[in-house]
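The lines below spell out each chain.
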Amino acid sequence: MDRLTQIETFVAVAQRGSLSAAARAEGVAPAVIGRRMDALEARLGVKLLQRTTRRLHLTHEGSAFLESCQRLLADFHNAEASVSAGGVKASGHLRITGPAGFGRRHLAPLVPAFLGRHPDVSLSLNLSDRVVDLVNEGYDCAVRVGDLPDSSLLSLRLADNRRLCVAAPAYLARAGTPAHPDDLARHECLILSSESSQSRGWAFTVDGEVVHLRPTGRLDCSDGQVLHQWCLDGLGLAWRSTWEVQSDIARGRLVSVLDDFAAPPNGIHAVFPSARHLPLRVRLWIDFLKHHYGDPAYWLRAA
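Quick caveat: nothing in here was measured; it's all calculated off a predicted structure.

J.: Please explain the overall build of the protein as it appears in this structure.
T.: Across its full length, the protein carries twelve helices and 14 strands. Split into buried and exposed, the 303 residues of the protein put 45% on the buried side. Restricting to contacts in the protein with at least 6 residues of sequence separation, those with at least 24 account for 74%. If you sum the accessible surface of the protein, you get close to 15500 Å²; carbon and sulfur atoms cover 51% of it.

Right, here's the structure in full:
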């Protein structure tokens, strides 16, 4: 059996949540999908899916394999697109979206260079902290930061993202450096008040377990950029993403604390409706982001 067909089937089943849904999308009998999955698991020697009467669940191995398969399929389709029709140029209109703060720093500045490479492409950039419905609102691709919810959308991990507890050197000189997450109760903490963000609190790993704390302080704000500036001004500790503060840390403007208690990283992902027949302009945009975000030096250069 074609290995690529098995991989495409596995991704379709994982994204759609059932054998029957994947079968309907492909126009084949569910038994065909089941045989492909059985053959794939037998060839790999691991269980990828736990099947119940109600739905399917990915195993730990299945989750890891899914991300690799999505990346492989994206690379495969990109390779096909690069040589099909004699290497046809990308053209048409590209509609992309991403979080407001991240987009201002790490999407908008890359757009001119991308359009310079592809003069027949036009682009609309929507920056919003709400989760945009790509299919119903007509977007080609979204960049999303953090853990992704279960979805029928496909995703490709572009880079790791870690949340750090940071402060300006002036604040630490005045208030001291916390040695344990419990010490945050004795510090001024700058709190993001938006109900849609950091709803679970600040995450740390304590005794091998991820715990979420809700520090308090005299200052809170719904805008992360304001919190970032307050932190630079020495007004307290903040819990910020590496995409926002890594260059400040490299330049000595901020100091990362409680690193021994850092929670596992989440990701920066490109999310798109389907890998099948994805327009070349979308594939090239995702590749462009992967090239930049995959370079550790990029995050140190980005202001």
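J.: Is there a simple way to think about the nonpolar core in this case?
T.: Generally speaking, nonpolar side chains in soluble globular proteins are found buried as a group. Ranked by size, the top nonpolar core spans 46 residues in total, and within it Trp285, Ile286 and Tyr293 carry the most contacts. It is helix H11 (residues 280-293) that provides the largest number of residues to this core, a total of seven residues. For tyrosine 293, the contacting residues outside a window of four places in its chain are Phe102, His106, Leu107, Leu110, Leu158, Ala159, Ile268, Tyr298 and Trp299. The next biggest cluster of nonpolar side chains, apart from the first, holds 17 residues, and it includes Tyr171, Phe204, Val257 and Leu258.

J.: Got a minute to help me understand unusual backbone geometry in this structure?
T.: Glycine aside, a negative phi is what most residues show, and trans is what most peptide bonds show. At aspartate 207, a residue that is not glycine, the phi angle is positive and equals roughly 55 degrees. Looking at the element boundaries, aspartate 207 is found in the loop between strand E9 (202-206) and strand E10 (209-213). What makes aspartate 207 exposed here is its relative accessible area of 78%. Phi at leucine 258 takes a positive value of approximately 60 degrees, unusual for a residue other than glycine. The residue leucine 258 is located in the loop between strand E13 (255-257) and strand E14 (266-272) in this model.

J.: Any chance you could explain the pattern of salt bridges here in plain terms?
T.: Inspection of every chain in the model, using the stated rule, returns eight salt bridges. Residue glutamate 137 pairs with arginine 130 through a salt bridge whose shortest N-O separation is 2.7 Å. For arginine 130, a relative accessible area of 46% corresponds to the partly exposed category. The partner of aspartate 160 in a salt bridge is arginine 157, with the nearest N and O atoms 2.9 Å apart.

J.: What am I meant to see in the sheet that holds E13 here?
T.: Picture the strands of a sheet paired through backbone hydrogen bonds; they go either parallel or antiparallel. If you walk across this open sheet you meet the three strands as E12-E7-E13, and the pairing is antiparallel. Since the sheet does not close on itself, it has two edges, and those belong to strand E12 (238-241) and E13, each with one partner. Ignoring which end each strand starts from, the neighbouring axes of this sheet average 55 degrees apart. Note that strand E7 (residues 163-167) and E12 share four bridges and pair antiparallel.

J.: What's the story with the packing of aromatic side chains in this structure? I'm lost.
T.: Think of a pair of aromatic rings as described by two things: how far the centres are apart, and how the planes are tilted against each other in angle. For the coordinates displayed, the defined rule picks out ten aromatic pairs. Centroid distance tryptophan 202 to tryptophan 239: 6.4 Å. Interplanar angle 10 degrees. Geometry classified as stacked. Here tryptophan 202, found in strand E9, pairs with tryptophan 239, found in strand E12; they are 37 residues apart in sequence, far enough to count as distant. Classification of tryptophan 202 as buried rests on a relative accessible area of 2%. Looking at tryptophan 239, the relative accessible area reads 7%, which means it is buried.

J.: Just checking my understanding: could you explain empty space enclosed by the protein for this structure?
T.: Empty space among the atoms becomes visible once a probe the size of a water molecule is rolled across them. Applying the stated rule across the entire model yields three cavities of 30 Å³ or more. Put simply, the second largest cavity is a space of about 40 Å³. Taken together, Arg163, Leu164, Cys165, Ala203, Phe204, Ser256, Val257, Leu258, Asp259, Ala262 and Ala263 form the lining of the second largest cavity. Contributing elements (two or more residues each) for the lining of the second largest cavity: E7, E9 and E13. Top contributing element to the lining of the second largest cavity by residue count: E7, with three residues.

J.: What is the right way to look at the packing of helix H9 (residues 224-232) against helix H10 (residues 242-250) in this model?
T.: For any two helices packed against each other, the geometry comes down to the angle between their axes and how far apart the axes lie. Interaxial distance between H9 and H10 falls to 12 Å at its minimum, and their mutual angle equals 20 degrees. Classified by the interaxial angle, the pair formed by H9 and H10 is roughly parallel. Considering only the axes of H9 and H10, their crossing is right-handed. Each of Gly224, Gln225, His228 and Leu232 in H9 lies in contact with H10, whose residues at this interface are Glu244, Val245 and Asp248.

Criteria and cut-off values
Residues numbered from 1 in each chain as written. Predicted model: local features only at pLDDT ≥ 70, side-chain atom pairs only at ≥ 80, totals over all residues. Heavy atoms only, no water. Helix = DSSP H or I, 4+ residues; strand = E, 2+ residues; numbered from the N terminus. Buried < 20%, exposed > 50% of the residue type's maximum accessible area, 1.4 Å probe, protein only. Contact = heavy atoms within 4.5 Å. Areas by Shrake-Rupley, 256 points an atom, 1.4 Å probe, with all protein chains shown as cover. Core = buried A, V, L, I, M, F, W, Y, C linked by side-chain atoms within 4.5 Å. Salt bridge = Lys/Arg side-chain N within 4 Å of Asp/Glu carboxyl O. Pairing = 2+ DSSP bridges. Axes fitted to C-alpha atoms, helices over the stretch in contact; angles between N-to-C directions. Phe/Tyr/Trp six-rings, centres within 6.5 Å; stacked < 30°, edge-to-face > 60°. 1 Å grid on protein atoms, 1.4 Å probe; cavity = no way out; pocket = protein on both sides within 12 Å on 5 of 7 lines; lining within 4 Å. Points joined across faces, edges and corners; volume = space filled by probe spheres on them. Parallel < 35°, antiparallel > 145°, perpendicular 65-115°, else oblique. Left-handed = near helix turned anticlockwise from the far one by under 90°.

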